[in-house]
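Commentary on secondary and tertiary structure
Single-letter residue listing:
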Amino acid sequence: MTLRNRLQDALKEAMRAKQADRLSTLRLINAAIKDRDIAARVDGADGMVPDEEITGILGKMVKQRLESARAYEEGGRLELAEKEREEITVIEEFLPRQLSPDEVEAAISAAIAEAGATTIRDMGKVMAVLKGRYTGQMDFGSVGPRVKDRLG
């Protein structure tokens with residue numbers, strides 16, 4: 001079952017169960033995917049983004065909500081921060097399992113070997129391998145400095 005189908009099934013289930021908050025989050029996800037589909041049509045593609053791209057969309061949505069929750073907490077708006085965290089929980093249901101720190105280190109080592117990287121100039125090749133294989137499974141913002149340290 002594709003990720004798109006899983007999202008549609010979850011949306012229907014949330015409607016049947018009258019889960020308003022979950023339904024709202026699922027509708028936001030579908031809207032973001034439809035926006036990307038429309039953009040893909042404009043670029044000449046067939047208009048249906050693949051699961052890998054949907055995973056990227058979901059990852060960005062989680063990141064945005066983490067930043068919003070942090071801002072709400074700093075502003076003393078705990079009820080809004082909690083709402084953001086609830087949305088994160090719903091979105092993460094559709095993301096692949098996050099890699100453990102040991103698995104991330106192993107993935108970095110494998111990507112360096114696969115790319116034949118020896119210097120910092122090869123960092124882009126290593127990151128491309130990691131993004132191609134582990135999108136949605138690791139935080140590339142924290143992985144980049146680790147790769148840089150290994151190659152530097």
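Just so it is clear, the structure is predicted and the values come from calculations on it, not from any experiment.

**Observations regarding the overall build of the chain**
Counting its regular elements, the chain contains 7 helices and 0 strands. Secondary structure elements in the chain, listed N-terminal to C-terminal, are α-α-α-α-α-α-α. A principal-axis box enclosing the C-alpha atoms of the chain has dimensions of 55 × 45 × 25 Å. Put simply, the chain has 152 residues, and 36% of those count as buried. Sequence-distant contacts, at least 24 apart, represent 57% of the contacts inside the chain between residues at least 6 apart. Of the roughly 9300 Å² of accessible surface on the chain, a fraction of 52% belongs to carbon and sulfur atoms. Side chains of the chain carry 25 positive and 27 negative charges; the gap between the two charge centres is 3 Å.

**Regarding the environment of Lys18**
In this structure, Lys18 sits in the loop between α1 (3-17) and α2 (20-42). The class for Lys18 is exposed, based on a relative accessible area of 73%.

**Regarding the side chain of Glu84**
Topologically, Glu84 is positioned in helix α4 (residues 78-92). The buried charged residue Glu84 lacks any salt bridge, with Arg65 as its nearest oppositely charged partner at 4.3 Å. Residue contacts for Glu84: discarding those within four places in its chain leaves Arg65, Ser68, Ala69 and Tyr72.

**A short note on the domain arrangement of the chain**
As a measure of interface size, the accessible area lost when the parts come together is often cited. For the chain, the assigned domains are domain 1 (3-93) and domain 2 (101-151). Relative placement of domain 1 and domain 2: their C-alpha centres are 27 Å apart.

**Comments concerning the layout of surface pockets**
Approximately 570 Å³ is the volume attributed to the largest pocket. Of all the secondary-structure elements, those providing two or more residues to the lining of the largest pocket are α3 (51-74) and α7 (140-151). The element contributing the most residues to the lining of the largest pocket is α3, with 9 residues. A per-class count over the lining of the largest pocket returns 6 nonpolar, 7 polar and 8 charged. A domain split of the lining of the largest pocket shows at least three residues from each of domain 1 (3-93) and domain 2 (101-151).

**A few points about the nonpolar core**
Core analysis: the largest hydrophobic core is formed by 21 residues, its most contacted members being Leu7, Leu26, Ile29, Ile33, Ile54, Leu58 and Phe94. Put simply, the parts of the chain that give this core at least two residues each are α1, α2, α3 and α4. In this structure, Ile108, Ala117, Val129 and Met138 belong to the second largest nonpolar core, which totals 18 residues.

Rules of the game
Per chain, residue numbering runs from 1 following the sequence as it is written. Local features are withheld for residues below a pLDDT of 70 in this predicted model, meaning they are given only at 70 or higher, and side-chain atom pairs are given and counted only at 80 or more; totals for whole chains, interfaces and linings count all residues. Side-chain numbers come from the whole structure's heavy atoms, not from hydrogens or water. Only DSSP runs of H or I with at least four residues qualify as helices, and only runs of E with at least two residues qualify as strands; both kinds are numbered from the N terminus onward. A simple rule labels every residue: compare its accessible area, found with a 1.4 Å probe on the protein chains alone, to the largest value its type can have, and call it buried under 20%, exposed over 50%, or partly exposed in between. By definition in these notes, contact holds between two residues if any of their heavy atoms fall within 4.5 Å. Reported accessibility uses the Shrake-Rupley method at a 1.4 Å probe radius. Residues are deemed covered only where the shown protein chains occlude them. Working convention for charge: Lys and Arg count positive, Asp and Glu count negative, and His plus the chain ends are omitted. A single reference atom marks each charge: NZ on Lys, CZ on Arg, CG on Asp, CD on Glu. Throughout this description, the term salt bridge denotes a Lys or Arg side-chain nitrogen within 4 Å of a carboxyl oxygen of Asp or Glu. Residue ranges assigned to the domains are those given by an automatic or database domain assignment. Space inside and on the surface of the protein is sampled on a 1 Å grid over the protein atoms alone, with a cavity defined as a set of points where a 1.4 Å probe fits but cannot get out and a pocket as an open set with protein on both sides within 12 Å along at least 5 of 7 lines; lining residues have an atom within 4 Å of a point. Grid points are joined across faces, edges and corners, and a volume is the space filled by probe spheres set on the points. Three classes are used, and their members are as follows: Ala, Val, Leu, Ile, Met, Phe, Trp, Tyr, Cys and Pro are nonpolar, Asp, Glu, Lys and Arg are charged, and the others, Gly among them, are polar. Take the buried Ala, Val, Leu, Ile, Met, Phe, Trp, Tyr and Cys residues and link them wherever side-chain atoms come within 4.5 Å; each set so joined is a nonpolar core.

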